[in-house]
Amino acid sequence: MSIKKRLFLSNILMVAMPIMLSLAFFFTLATITIHLSKESMNIKRVLFADKSDLSAINKAGYSHAGTADIYFSDQMGYIVCLPNSELHSSNSSLARFLPFIAMPAMVTAVFLTNRYLTKLMYKSIMHPIMTLSEGVHEIRDGNLTYRIAYSNADEFEPVCTDFNDMAEKLHNMVEARQKDEQSRRELIAGISHDLRTPLTSIKAYVEGLEKGIAPTPEKQSRYLSTIKEKADDLEYTINQLFTFSKLDTDEYPLRLERSDIGKELLCIIESSFDEYRQKGLIIENAGIQTGLECMVDKVNFKNAVINIISNSARYKTDEVGKAAISCSSSDGWAHIAISDDGPGVKADKLHRLFDVFYRGEASRTNPGDGSGLGLAICAKILEKHNGEISAENADPRGLRIEIRLPLAEAWE
């Protein structure tokens with residue numbers, strides 16, 4: 001029962017109970033009074049010829065105690081109540097004192113009734129308040145997994161439900177903050193490592209040129225070529241970091257337009273095929289369905305796909321690796337899969353594959369083997385497209401990354 005109904009019922013009972021008790025007391029008092037009055041009378045059957053003889057009885061000696069009353073008559077005569085003076089006197093005195101006994105009893109009963117109803121209402125309100133207070137104290141003390149178990153169907157039920165929702169969101173926020181803090185530490189460590197390594201190499205080769213360690217033009221040219229390569233690695237890492245920071249702070253506007261996602265993938269394969277073949281990776285069309293229109297930023301979508309392909313080229317184990325791209329649709333989504341034949345990633349590490357500066361294997365710590373930002377950038381780009389990205393190990397080996405984009409109709 002709701003608190004509103006309980007209050008309404010309590011108010012009714014607080015008015016009704018005194019009235020009912022008063023009526024009960026007055027009824028009891030009247031019953032007792034009548035009973036005492038009857039007991040104070042001697043009821044006898046007296047035969048009279050007519051009513052005039054009744055006057056003679058009163059004159060004969062009962063006038064001091066009151067006149068006789070005729071209850072009813074029958075064929076034999078009249079039934080007459082003759083007062084018993086002693087019993088009448090004592091009962092009359094008791095009847096006079098009954099109101100003085102009944103009134104305090106009635107007031108006491110009304111007081112106890114109201115006290116009981118007030119205590120009952122107080123308990124029904126204070127119990128959920130104490131329950132909420134206990135929950136607040138648990139959250140305050142850091143127990144973010146605490147939930148209130150409340151089953152009564154009253155006004156406190158939605159409050160307790162909202163409290164549990166708040167605790168759940170707060171718990172998720174704290175976990176997200178802790179995860180962000182961990183990512184920030186990893187980001188700083190990754191930046192330090194990925195920038196320090198090529199800078200150290202550049203510094204060493206420059207010192208070699210200054211000290212004449214490379215005396216021949218051929219060796220000097222090789223030193224300069226290495227310096228340029230390390231500078232390119234630095235530029236690539238800085239550009240990736242800049243792109244990620246823009247995406248992460250919502251300062252990277254996308255120019256979404258309706259595009260045939262299958263044709264975009266075919267264009268990416270055609271434009272990148274020769275470049276990655278020289279790197280030892282063959283890009284294959286594993287069944288790309290055209291005619292699937294999605295709202296995409298073509299430049300950023302291409303960057304996301306290229307980052308995945310580059311990841312496959314970077315970590316291939318065979319001299320010539322393969323990356324197969326497929327595209328299909330179902331349930332209002334375009335499903336794009338990019339599978340390679342590389343070493344894959346340990347199953348317990350898959351969920352971290354799209355974290356900032358995370359590399360699937362401890363050996364992948366050379367900036368030349370990637371900055372650790374490529375797949376994190378892919379995840380950010382897909383997030384801004386209202387899409388999703390996930391990874392799983394392919395069969396029999398390799399890594400399979402799936403991209404899901406909503407079809408254009410879902411945007412309209």
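Residues numbered from 1 in each chain as written. Predicted model: local features only at pLDDT ≥ 70, side-chain atom pairs only at ≥ 80, totals over all residues. Heavy atoms only, no water.

S.K.: What is the right way to read unusual backbone geometry from this model?
M.R.: For residues that are not glycine, phi is negative in most cases, and the peptide bond is trans in most cases. A cis amide bond links Asp395 to the next residue, Pro396, at an omega of 10 degrees. The residue Pro396 is located in the loop between strand S9 (388-393) and strand S10 (399-406) in this model. A positive phi angle, close to 60 degrees, is found at Asn386, a residue other than glycine. Following the sequence through the fold, Asn386 ends up in the loop between helix H8 (374-384) and S9. (Helix = DSSP H or I, 4+ residues; strand = E, 2+ residues; numbered from the N terminus.)

S.K.: Where do I start with the nonpolar core in this structure?
M.R.: Side chains of a nonpolar character, in soluble globular proteins, are inclined to be buried together. Ranked by size, the top nonpolar core spans 44 residues in total, and within it Ile261, Phe301, Ile325, Ile336 and Leu405 carry the most contacts. For this core, the leading source of residues is helix H7 (residues 298-314), giving seven residues. If you look at the next biggest cluster of nonpolar residues, it comprises 10 residues, including Leu132, Tyr150, Phe156 and Phe163. (Core = buried A, V, L, I, M, F, W, Y, C linked by side-chain atoms within 4.5 Å. Buried < 20%, exposed > 50% of the residue type's maximum accessible area, 1.4 Å probe, protein only.)

S.K.: What am I meant to see in H8 here?
M.R.: Two residues of an α-helix separated by three or four positions point the same way, owing to the 3.6 residues in each turn. Counting buried residues along H8, eight of its 11 residues qualify, which places the element largely inside the surrounding structure. Within H8, burial applies to Gly374, Leu375, Ala376, Ile377, Cys378, Lys380, Ile381 and Leu382. Looking at the residues trailing H8, positive phi occurs at Asn386, about 60 degrees.

S.K.: Explanation requested: the pattern of salt bridges in the structure shown.
M.R.: Any two side chains of opposite charge can pair, given that their charged atoms come close. Applying the stated rule across the entire model yields 14 salt bridges. Of the charged contacts in the structure, one is a salt bridge between Glu168 and Arg147, with a shortest N-O distance of 2.7 Å. Of this pair, Glu168 sits in helix H4 (residues 156-210) while Arg147 is found in the loop between helix H3 (85-140) and H4, placing the two residues 21 residues apart along the sequence. Look at Glu168 and you get partly exposed, because its relative accessible area is 36%. A salt bridge links Arg400 to Glu402, with the shortest nitrogen-to-oxygen separation between them at 3.5 Å. Owing to a relative accessible area of 25%, Arg400 belongs among the partly exposed residues under this scheme. Relative accessible area serves as the criterion here: at 16%, Glu402 is assigned to the buried category. Residues joined by salt bridges that share partners form a network here, namely Glu388, Glu392, Arg400, Glu402 and Arg404. (Salt bridge = Lys/Arg side-chain N within 4 Å of Asp/Glu carboxyl O.)

S.K.: It is not clear to me how the packing of helix H5 (residues 217-248) against H8 should be interpreted in this structure. Could you clarify?
M.R.: Any two packed helices are characterised by how steeply their axes cross, that is the angle between the axes, and by the distance between the axes. Look at H5 against H8: their axes get within 10 Å of each other, and the N-to-C directions meet at 30 degrees. Regarding the angle of H5 to H8, the classification is roughly parallel. Crossing of H5 against H8: the hand is left-handed. The segment H5 lies against H8, with Gln240, Thr243, Phe244, Leu247 and Asp248 engaging Gly374, Ala376, Ile377, Lys380, Ile381 and Lys384. Here the contact of H5 with H8 is built from residues that sort into five nonpolar, three polar and three charged. (Axes fitted to C-alpha atoms, helices over the stretch in contact; angles between N-to-C directions. Parallel < 35°, antiparallel > 145°, perpendicular 65-115°, else oblique. Left-handed = near helix turned anticlockwise from the far one by under 90°. Contact = heavy atoms within 4.5 Å. Nonpolar A, V, L, I, M, F, W, Y, C, P; charged D, E, K, R; others polar.)

S.K.: Would you mind showing me how to read the pairing of strand S7 (residues 321-330) here?
M.R.: When a strand is regular, its side chains alternate between the sheet's two faces. Both strand S5 (residues 281-288) and S7 contribute to a ladder of six bridges, which runs parallel. Bridged to Ile283 within S7 is Ala323. By the bridge criterion, eight bridges tie S7 to strand S8 (residues 333-340) in an arrangement that is antiparallel. Residue pairing in the sheet places Ala323 in a bridge with Asp340 of S8. (Pairing = 2+ DSSP bridges.)

S.K.: Any chance you could explain the sheet that holds S9 here in plain terms?
M.R.: The pairing of strands in a sheet happens through backbone hydrogen bonds and is either parallel or antiparallel. An order of S5-S7-S8-S10-S9 is seen for the five strands of this open sheet, with the pairing classed as mixed. The open sheet is flanked by S5 and S9, the only strands paired with a single partner. Here the strands of the sheet are splayed against their neighbours by 20 degrees on average, with no regard to which way each runs. Seen against the sheet, helix H6 (residues 261-278) touches S5, S7, S8 and S10 and runs at an angle of roughly 160 degrees to S5.

S.K.: How do you make sense of H7 when you look at a structure like this?
M.R.: An ideal rise of 1.5 Å per residue puts 24 Å on 17 residues; H7 measures up with 24 Å between its terminal C-alpha atoms. Most of H7 sits out of view: 12 of its 17 residues are buried. Among the residues of H7, those classed as buried are Asn300, Phe301, Ala304, Val305, Ile306, Asn307, Ile308, Ile309, Ser310, Asn311, Ser312 and Ala313. Measuring from the backbone nitrogen of Val299 back to the side-chain oxygen at the start of H7 gives 3.2 Å, which picks out Asp297 as the cap. (Expected span 1.5 Å × (residues − 1). Polar contact = N/O pair within 3.5 Å; in protein donor to acceptor, adjacent residues only side chain to side chain.)

S.K.: I keep staring at the packing of aromatic side chains and nothing clicks. Help me out?
M.R.: One pair of aromatic rings is described through two measures. These are the centre distance and the angle between the planes. One pass over the full model with this rule turns up one aromatic pair. Ring centres of Tyr205 and Tyr223 lie 4.9 Å apart, and the angle between their planes is 85 degrees; this geometry places the pair in the edge-to-face category. Of this pair, Tyr205 sits in helix H4 while Tyr223 sits in helix H5, placing them 18 residues apart in sequence. Assessed through its relative accessible area of 13%, Tyr223 is described here as buried. Above the ring of Tyr276, the side-chain terminus of Lys279 is found at 4.8 Å from the ring centroid. (Phe/Tyr/Trp six-rings, centres within 6.5 Å; stacked < 30°, edge-to-face > 60°. Lys NZ or Arg CZ within 6 Å of the ring centre and 35° of its normal.)

S.K.: Explain the confidence of the model for the protein here, please?
M.R.: Note that predicted coordinates carrying low pLDDT should not be read in detail. Per-residue pLDDT for the protein averages 77, and the proportion of residues at 70 or more is 74%. Scored below 50 in pLDDT, residues 40-50 shows 38 contacts in the model against residues more than four places distant or in partner chains. Low pLDDT, under 50, characterises residues 59-88; the stretch is placed with 62 contacts to residues that sit more than four places away or in other chains. (pLDDT = per-residue confidence, 0-100.)

S.K.: It is not clear to me how the environment of Ile381 should be interpreted in this structure. Could you clarify?
M.R.: Looking at where Ile381 falls in the secondary structure, it is placed in helix H8. Ile381 gets classed as buried once you look at its relative accessible area, which sits at 2%. Each C-alpha atom, one on Ile381 and one on Ala304, is 6.9 Å from the other, the two residues being 77 residues apart in sequence. If we ignore the near neighbours within four places in the chain, the residues touching Ile381 are Leu247, Asn300, Asn303 and Ala304.

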